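# Structural description and commentary
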Amino acid sequence: MTNFAGLMKSDKNILFTLLLLSSIASVDLFSQAVPSKDENIPFLVTFGKQGETSWGDDDFYQVWFFSIPMEFKQQFYIRVFDPDCGGEHDEIQGEFNTRTLFAVYGGKGVDPDQNEESKGLLNGLNYKGGTMLASRVFGTEARYDNKYFTFGPFNPTAGDFNKKWKVYMFKIVIEGISGDDGNLYRFFMSRDPNNNIPVEGGNAFTYEYTFRMWNDFRSVAHIYPYVDTGVVWVKESNFDWDDDGHILVVSRYKQGIDAKPVSTEKDWKDFRVGIEPAEIGASLDFQFHKKQGTLVKNNNVVLTIENQYGEAMPFYSSPIGGVPKYVTNISITKVPKPK
Ligand SMILES: [Ca+2]
Ligand SMILES: [Ca+2]
Ligand SMILES: [Ca+2]
């Protein structure tokens, strides 16, 4: 830390050092689990489209992107844990009768930087842009209950190339095509069809995160929106939070801003927070601290975030720049704008 203290003489150097630290911290070998270890979220969830939005899924589909660094030349797999709806983990309504489509896309049309509709945010737009590479519909299937199903192998070059990040992008669309139960599942992007072996430098992201909270008081879930150039403020929106505690916004410069109000039942609530210049090019940490006292059980929720232009921002499973930690005694407001 002595070198760091020395650099603090110059504001410009502080900024440079932080950028350097953030790029070093960005290597994360656990990044291919979705949700990731850093997120500490038990499951993603998608309900059958005859379900009730009051159970926590606003639109009965979800879109996830996987990115593969261009240096990676091997084939890879997308593994889905508990893709069926029935037996363990899933949320029954009446009887289990839900069918869920999982479809993997590559090629032109996938990259959300080049195709806004691909983000999957607005109903009626074509979030299935790209070429379908594999798909399967799962009902109640004991052979995939509490087990993995593996899509692939895929060649990295079958993805949609993104020049900015130098990655090939793939996406998986999850749709509750019938029924009314909640399908809980997770992903792992793997080099191996039968084991979870990470693709180095791979990542996963979404623009609308639909997930299950833990059924305990102490576990804190996190999601990590990435703040790109030009962002001045962001609007976080949450759906069907069941008034389940606090959402805190944390970064190197935010110790924990209480994002109030949170949603209650079948409603959206939003919260705006300003972005400091030095928070650009890194991730924020949205922390979900559950309500104490009476346990809110099986809480399914939806999260989105947009910038001041109304553009949706991505949540990365492996936070870009690493997990942001609040740093005391550094006030970024003292950093002057570069001349
Ligand atoms: Ca049912
Ligand atoms: Ca399931
Ligand atoms: Ca809920």
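This text gives an overview of the structure that appears in the document.

Each value, and the rule that gives it
- Residues numbered from 1 in each chain as written.
- Chains lettered and ligands numbered in written order.
- Predicted model: local features only at pLDDT ≥ 70, side-chain atom pairs only at ≥ 80, totals over all residues.
- Heavy atoms only, no water.
- Helix = DSSP H or I, 4+ residues; strand = E, 2+ residues; numbered from the N terminus.
- Buried < 20%, exposed > 50% of the residue type's maximum accessible area, 1.4 Å probe, protein only.
- Areas by Shrake-Rupley, 256 points an atom, 1.4 Å probe, with all protein chains shown as cover.
- Phe/Tyr/Trp six-rings, centres within 6.5 Å; stacked < 30°, edge-to-face > 60°.
- Contact = heavy atoms within 4.5 Å.
- Donors = N, O, S within 2.8 Å, 3.2 Å for Na, K, Ca; no water.
- Core = buried A, V, L, I, M, F, W, Y, C linked by side-chain atoms within 4.5 Å.
- Salt bridge = Lys/Arg side-chain N within 4 Å of Asp/Glu carboxyl O.
- Tetrahedral: all angles 85-135°; square planar, octahedral: opposite > 155°, others 65-115°.
- Pairing = 2+ DSSP bridges.
- Axes fitted to C-alpha atoms, helices over the stretch in contact; angles between N-to-C directions.

We now examine the overall build of the protein chain. Helix and strand content of the protein chain: two helices and 22 strands. With 339 residues in all, the protein chain has 55% of them scored as buried. Accessible surface for the protein chain amounts to roughly 15200 Å². Of this, 53% is attributable to carbon and sulfur atoms.

Right, let's get into the packing of aromatic side chains. What the rule picks out here adds up to 31 aromatic pairs. Ring geometry for Phe 66 and Phe 187: centres 5.9 Å apart, planes at 85°, overall edge-to-face. Taken together, the residues span a long stretch of sequence, with Phe 66 in strand 3 (residues 61-69) and Phe 187 in strand 10 (residues 182-190) at a distance of 121 residues. Accessibility assignment for this pair places Phe 66 and Phe 187 in one class, buried. Note on Trp 165 and Tyr 226: the rings are 5.4 Å apart at their centroids and 75° apart in plane angle, and the pair reads as edge-to-face.

In this structure, Gln 287 sits in strand 20 (residues 285-289). We classify Gln 287 as buried; its relative accessible area is 14%. In this structure, Gln 287 is in contact with Val 220, Ala 221, His 222, His 246, Ile 247, Leu 248 and Val 250, ignoring residues within four places of it in sequence.

Let us now look at the coordination of the calcium ion (ligand 2). At the metal site, the calcium ion (ligand 2) is ligated by Asp 82 (O), Asp 82 (OD), Asp 84 (O), Asp 90 (OD), Asp 90 (OD), Asn 183 (OD1) and Leu 184 (O), and these contacts range over 2.2 to 2.9 Å. Read from N- to C-terminus, the donor residues coordinating the calcium ion (ligand 2) fall into the pattern D-x1-D-x5-D-x92-N-L. Note that Asp 82 is positioned in the loop between strand 4 (76-81) and strand 5 (99-106) and Leu 184 in strand 10, a separation of 102 residues in sequence. Under the relative-accessibility criterion, Leu 184 is labelled buried at 1%.

It is worth spelling out the nonpolar core at this point. Ranked by size, the top nonpolar core spans 52 residues in total, and within it Phe 151, Ile 172, Phe 187 and Phe 288 carry the most contacts. By residue number, the principal contributor to this core is strand 9 (residues 167-178), which donates four residues. Contact partners of Phe 288, with chain neighbours within four places excluded, come to Phe 211, Met 213, Ser 219, Val 220, Ala 221, His 222, Ile 223, Trp 241, His 246, Ile 247 and Leu 303. Counting residues in hydrophobic clusters, the runner-up holds 17 residues, among them Met 169, Val 173, Tyr 226 and Ile 320.

With that out of the way, let us pick up the pattern of salt bridges. Scanning the model with the defined rule gives twelve salt bridges in all. Residue Glu 200 pairs with Arg 191 through a salt bridge whose shortest N-O separation is 3.5 Å. For Glu 200, a relative accessible area of 42% gives the class partly exposed. Look at Arg 191 and you get partly exposed, because its relative accessible area is 30%. Glu 306 is paired through a salt bridge with Lys 235; the nearest N and O atoms lie 3.7 Å apart.

Surrounding the calcium ion (ligand 1) are the protein donor atoms Gln 93 (O), Glu 95 (O), Asn 97 (OD1), Asp 180 (OD), Asp 181 (OD) and Asp 181 (OD), which sit 2.1 to 2.9 Å from the metal. Coordination geometry of the calcium ion (ligand 1): the six donor atoms subtend angles of 48 to 177° at the metal centre, consistent with an arrangement described as irregular. Each donor residue of the calcium ion (ligand 1) belongs to the same chain, and together they define the spacing Q-x1-E-x1-N-x82-D-D. Note that Gln 93 is positioned in the loop between strand 4 and strand 5 and Asp 180 in the loop between strand 9 and strand 10, a separation of 87 residues in sequence. You can call Asp 180 buried: its relative accessible area is 19%.

Turning our attention to the sheet that holds strand 13 (residues 221-223). Taken in spatial order, the four strands make up an open sheet running 13-20-16-17, and their pairing is antiparallel. Taken across any chain shown, the strands that pair with only one partner, and hence form the sheet edges, are strand 13 and strand 17 (254-258). Strand-to-strand, the axes of this sheet are offset by a mean angle of 25°, without reference to chain direction.

This paragraph deals with the pairing of strand 3. Strand residues, when the strand is regular, have side chains that alternate between the two faces of the sheet. Counting buried residues in strand 3 gives nine out of nine residues, a clear majority hidden from the surface. Because side chains alternate across strand 3, one face comprises the buried residues Tyr 61, Val 63, Phe 65, Ser 67 and Pro 69, and the other comprises Gln 62, Trp 64, Phe 66 and Ile 68, equally buried. Note: strand 3 against strand 9, nine bridges, orientation antiparallel. Among the inter-strand pairings, Gln 62 is bridged to a residue of strand 9, identified as Ile 174. Where strand 3 lies against strand 11 (residues 203-206), three bridges are found, and the strand directions are antiparallel. What sits directly across from Phe 65, in strand 11, is Phe 205.

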